[in-house]
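Residue-level structural notes
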Amino acid sequence: DEDFKEILPDILNLKPKLAYAQARHKRELESFFTIINPILDTIRDPGDFEKFLQFIEAVVAYHKYCGGRD
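Residues numbered from 1 in each chain as written. Predicted model: local features only at pLDDT ≥ 70, side-chain atom pairs only at ≥ 80, totals over all residues. Heavy atoms only, no water.

1. Structural notes on the packing of helix H1 (residues 2-24) against helix H2 (residues 26-40)
Packed helices, taken two at a time, are described by their axes: the angle between them and the distance between them. Where H1 meets H2, the closest approach of the two axes is 8 Å, and the angle between their N-to-C directions is 160°. If you check the angle between H1 and H2, you find them roughly antiparallel. Our pair here, H1 against H2, has a crossing hand that is left-handed. Note on element contacts: H2 touches H1 through Lys-26, Leu-29, Glu-30, Phe-32, Phe-33, Ile-36, Asn-37 and Leu-40, opposite Leu-14, Lys-15, Leu-18, Ala-19, Ala-21, Gln-22, Ala-23 and Arg-24. (Axes fitted to C-alpha atoms, helices over the stretch in contact; angles between N-to-C directions. Helix = DSSP H or I, 4+ residues; strand = E, 2+ residues; numbered from the N terminus. Parallel < 35°, antiparallel > 145°, perpendicular 65-115°, else oblique. Left-handed = near helix turned anticlockwise from the far one by under 90°. Contact = heavy atoms within 4.5 Å.)

So this is what it looks like as structure tokens:
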């Protein structure tokens, strides 16, 4: 729990960073932003964060499977 409290500000900072990236690359990130932005609001404890990480890993894996670049 203490580790989670340490990284919580970084997690919360993902929202404005994602919004900024989406504003700069609207066409490329619009779908990703629409899905991820509300999910970030649901992260309240280490379990939520772990589920978020698993979801992001799945998105990255699927992106690579479909031929996406790094």
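2. Considerations on helix H3 (residues 46-65)
Think of an α-helix as 3.6 residues a turn; residues three or four steps apart then line up on the same face. In this model H3 runs 28 Å from its N-terminal to its C-terminal C-alpha over 20 residues, within 8% of the 28 Å that 1.5 Å per residue would give. The residue sitting at the N-terminus of H3 and contributing the capping side-chain oxygen is Asp-45; that oxygen lies 2.9 Å from the backbone nitrogen of Gly-47. Looking at the residues trailing H3, positive phi occurs at Gly-67, about 95°. (Expected span 1.5 Å × (residues − 1). Polar contact = N/O pair within 3.5 Å; in protein donor to acceptor, adjacent residues only side chain to side chain.)

3. Here we look at H1
The terminal C-alpha atoms of H1, which comprises 23 residues, lie 35 Å apart, in line with the 33 Å expected from a rise of 1.5 Å per residue. Remark: the principal bend of H1, roughly 40°, maps to Leu-8, with a proline, Pro-9, within the next four residues. Residues Phe-4, Ile-11, Leu-18 and Gln-22 constitute the buried set of H1. Contacts from the buried residues of H1 go to H2 and H3. (Bend = angle between axes of the 7 residues up to and from the residue. Buried < 20%, exposed > 50% of the residue type's maximum accessible area, 1.4 Å probe, protein only.)

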